[in-house]
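# Working through the structure, step by step
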Amino acid sequence: MLRNREAKILARTFKDHLRVYRKQPERDSQTQATVEKETAVYEDIICALSQKGNNTPDRQEFHSETQREFTIFTEPGVVLKDNDRVVIITEAGQMVEGITGKTFLYISHGETPLSVERLT
């Protein structure tokens, strides 16, 4: 009962919305070759997006590049895999796109690392 209550309390902090796409093998009907096709595995999942730390630009020889590392918090039944592509719409209306690592599950929630590719 305590675990369920903790999950409900955490879920109230989830104000962002998540879509998850995963590459899965599929047979091409014309060529009969197996190809990887990106399909939606989760749509409109509530979540919370959190920055891992201070995302400052790394000085490179010719340009600066910012590495943005985030964590996605979800309800415990949502499991993401390495290299899933996600699109998150934040409560503030920003769109965040990136590639995930594997979800680490707790009884009350899941935490998934996210490497951001685009933030608009």
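Attention in this report is confined to the structure presented alongside it. Not measured: the values here are computed from a predicted model. (Residues numbered from 1 in each chain as written. Predicted model: local features only at pLDDT ≥ 70, side-chain atom pairs only at ≥ 80, totals over all residues. Heavy atoms only, no water.)

### Quick word on the side chain of T74
Operational definition: Only runs of H or I of at least four residues qualify as helices and only runs of E of at least two qualify as strands under DSSP, and these elements are numbered from the N terminus. Using a 1.4 Å probe on the protein chains alone, a residue whose accessible area is under 20% of its type maximum counts as buried, one over 50% counts as exposed, and one in between counts as partly exposed. Residue contacts follow a heavy-atom distance rule, with two residues in contact if any of their heavy atoms lie within 4.5 Å.
As for its position among the elements, T74 is in strand β5 (residues 69-74). Take T74: its relative accessible area is 0%, and that puts it in the buried class. If we skip the residues at most four places from it in the chain, T74 touches F14, L18, I46, C47, H109 and G110.

### Describing the pairing of strand β9 (residues 110-119)
What counts is decided by this rule: The criterion for strand pairing is that DSSP finds at least two bridges linking the strands in question.
Pairing of β5 with β9 involves 6 bridges; the strand directions are antiparallel. When the bridges of β9 are listed, T74 appears paired with G110. As paired elements, strand β7 (residues 95-100) and β9 share 5 bridges and run antiparallel to each other. Within β9, the position partnered with E97 by the bridge is R118. The pairing of strand β8 (residues 104-105) with β9 spans 2 bridges and is classified as antiparallel. For L105, the partnering residue across the bridge sits in β9 and is G110. The antiparallel pairing of β8 with β9 creates a hairpin that spans 4 residues between the two strands.

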